[in-house]
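Analysis of the macromolecular model
The residues making up each chain are set out below.
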Amino acid sequence: MRRIGISVMLVLALAAGTASAGGVGIGLFGGTSIPIVQDDNGSGTVFGVRAPVRLIPLVTVEPYFSKTAGGDKEQDFEGTPITYGGIDVTGYGVNVLLTFGGKFQLYPYAGIGTFKLKREGLDESRTGYNFGLGLGLSPLPKISFHVRGELAAAVSDETSRKWASVTAGVSYNFISFPVP
Amino acid sequence: MKKHRLLLLGLGVVALAALAATGCFITSAQVFAHFDLPNPFTIQSTESPFERVAVDLNTVTEYTDNKDKLKGLADVAIIGKFTNVLGPAGGVEVWITAGETNYDTVEGITTNATKLWGPGSIGATGAVNDITWDESAKLFKAAGKTILINEVKGDGQFTVYIIGTAGEYHIRVDKGGIILVLDAGV
């Protein structure tokens, strides 16, 4: 409890002492998605759009939309290969990023959303949780490039499907303003 | 910098704790298991119009390995190579009952059991249909699937009956099986 209190105070202290630019942006990203302990689903591709909104120092709120095309997975049955169609996932939600740095940024983040899982015989929506770590580089004032590693889970009752993903993207900050 | 590291550590711990609070983030997996149907078997409208299979999933290693941590059934398919030995185009259906039953007529099956799957279509004499996962997945019926899920989560014992839908049929099934994707703890 004491450590949490100290962490909160540190955040507030850093926020109070930081003068930085806020803004609203739009970004595109793409990468690869790897199912974790899913015997019936293969690796695939993921792409999507994000809209980072930074109103206070350190914290960025980021609505997102993503689409993952699952890869086919083959299993052997009596010497005959069986191909499972990959699971496609459409997700939308919001991430909260704790952003450190200036032109070079490091940001852990976590998010919550809705994941719609779809393949033949499967069509369901689940609550999605994700967290990860991102690196950002901003060579120009309004442009930044990002690389992220993320773990995500689509949860239903007592079970979940999980993925790891690595993505790269670019963001354009179309509104900028100073924040205290 | 030290403060930043502390913050990072704190955020990571909080995020993991929140995700672990769902009770399943780390602790579930989708595990492949299959039950083999007799290979081959034949259904013939005049002599042996159905195949009865008493399924005991406790004979399946992947099932018994995960039974105590089983949380559900993520997906299921019935597969096999269906050959129409003699007869018009038609289909194959699979019916299910909980536990072990022993109906001895097609009428008894369709009256007392629940349709699980089908019809998997097959052409006239000589036609072959090697049922794929995608084709199979869309042939499941909700009521039968509910029974199957309950049995998988229960004692793992149920009975399936495979019948033909054409008036006259003679169909051979090779390498038939019930494929299960178990939602299990790890």
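Everything numeric here is computed off the predicted structure, so don't read it as measured data.

Here we come to the overall build of chain B. Looking only at helices and strands, chain B features 5 helices and 9 strands. In chain B, the succession of α and β elements from N to C terminus is α-β-β-β-α-β-β-α-β-β-α-α-β-β. In chain B, which comprises 186 residues, the share counted as buried stands at 39%. Within chain B, contacts between residues separated by at least 24 positions form 84% of all contacts whose residues are at least 6 apart in sequence.

Helix and strand counts for chain A stand at 1 helix and 12 strands. Split into buried and exposed, the 180 residues of chain A put 34% on the buried side. Counted over contacts in chain A with a minimum sequence separation of 6, partners at least 24 positions apart contribute 52%.

Residues and elements named next belong to chain A. With respect to the secondary-structure elements, Ile36 resides in strand S1 (residues 20–36). Taking the C-alpha atoms as reference, Ile36 lies 5.2 Å from Trp163; in sequence the two are 127 residues apart. When neighbours within four sequence positions are excluded, Ile36 is seen to be in contact with Lys162, Trp163 and Ala164.

Residues and elements named next belong to chain B. Between Asn39 and Pro40 the backbone carries a cis peptide bond, its omega angle lying at -10 degrees. Inspection of the secondary structure puts Pro40 in the loop between strand S1 (28–36) and strand S2 (41–44). Going from Gly118 to Pro119, the amide bond is cis rather than trans, its omega being 5 degrees. Along the chain, Pro119 turns up in strand S6 (residues 114–122).

This brings us to the nonpolar core. A general trend in soluble globular proteins is that nonpolar side chains are found buried together. With 50 residues, the main nonpolar core has Trp95(B), Val160(B) and Leu180(B) as its most contacted residues. Apart from residues no more than four positions distant in its own chain, Leu180(B) is found in contact with Ala33(B), His34(B), Leu73(B), Val76(B) and Val152(B). Grouped together as the second largest cluster of nonpolar side chains are 10 residues, Ile87(A), Val89(A), Phe115(A) and Trp163(A) included.

Attention now goes to helix H5 (residues 142–153) of chain B. Residue and element names in this part refer to chain B. Between its first and last C-alpha, H5 extends 16 Å over 12 residues, near the 16 Å set by a 1.5 Å rise per residue. Taken as a whole, H5 has its buried residues at Gly144, Leu148, Glu151 and Val152. Around the axis of H5, the buried residues are gathered within 100 degrees of arc, so they sit on the same side. Exposed side of H5, more than 90 degrees from the buried face: Ala142 and Ala143 are the residues found there. Elements that come into contact with the buried residues of H5 comprise strand S4 (70–84), strand S5 (90–98), S6, strand S8 (157–164) and strand S9 (170–185).

Here we take up the pairing of strand S7 (residues 88–98) of chain A. Where strand S4 (residues 59–71) of chain A meets S7(A), 10 bridges bridge the pair, whose relative direction is antiparallel. For Ser66(A), the partnering residue across the bridge sits in S7(A) and is Gly91(A).

Residues and elements named next belong to chain B. Along the chain, the position of Ile162 falls in strand S8. Through-space distance from the C-alpha of Ile162 to that of Lys115 is 9.9 Å; in sequence the pair is 47 residues apart. Excluding its chain neighbours within four sequence positions, the residues that come into contact with Ile162 are Ile43, Phe50, Glu51, Val92 and Val94.

So, about the pairing of strand S10 (residues 122–137) of chain A. Both faces of the sheet carry side chains from a regular strand, because those side chains alternate between them. Residues and elements named next belong to chain A. Pairing geometry for strand S9 (residues 104–119) and S10, over 16 bridges, is antiparallel. Following the sheet pairing, Tyr107 is matched in S10 by Gly134. Once S9 ends, the chain turns through 2 residues before running back antiparallel as S10, passing Gly121 with a positive phi of about 85 degrees. Bridge count for S10 against strand S11 (residues 143–156) is 11 bridges, and the pairing is antiparallel. Within S11, the residue paired with Gly136 across the bridge is His146. Counting the residues that bridge the hairpin from S10 to S11 gives 5 residues.

Summing up the model confidence of chain A, the mean pLDDT is 87 and the portion of residues at 70 or higher is 88%. Scored below 50 in pLDDT, residues 7–19 of chain A shows 16 contacts in the model against residues more than four places distant or in partner chains.

In this section: the sheet that holds strand S3 (residues 50–56) of chain B. Residues and elements named next belong to chain B. Spatial strand order, S3-S8-S5-S6: 4 strands in an open sheet with antiparallel pairing. The outermost strands of the open sheet, each flanked by one partner alone, are S3 and S6. Each strand of the sheet is rotated relative to its neighbour by a mean of 20 degrees, with strand direction disregarded. Summarising the sheet, S5 and S6 pair through 6 bridges and their orientation is antiparallel. Along S6, the bridge assignment pairs Val92 with Gly120.

Cut-offs applied
Residues numbered from 1 in each chain as written. Chains lettered and ligands numbered in written order. Predicted model: local features only at pLDDT ≥ 70, side-chain atom pairs only at ≥ 80, totals over all residues. Helix = DSSP H or I, 4+ residues; strand = E, 2+ residues; numbered from the N terminus. Buried ≥ 20, exposed ≤ 12 C-beta atoms within 10 Å, placed from the backbone. Contact = placed C-beta atoms within 7 Å. Core = buried A, V, L, I, M, F, W, Y, C linked by C-beta atoms within 7 Å. Expected span 1.5 Å × (residues − 1). Arc of directions from axis to C-beta. Pairing = 2+ DSSP bridges. pLDDT = per-residue confidence, 0-100. Axes fitted to C-alpha atoms, helices over the stretch in contact; angles between N-to-C directions.

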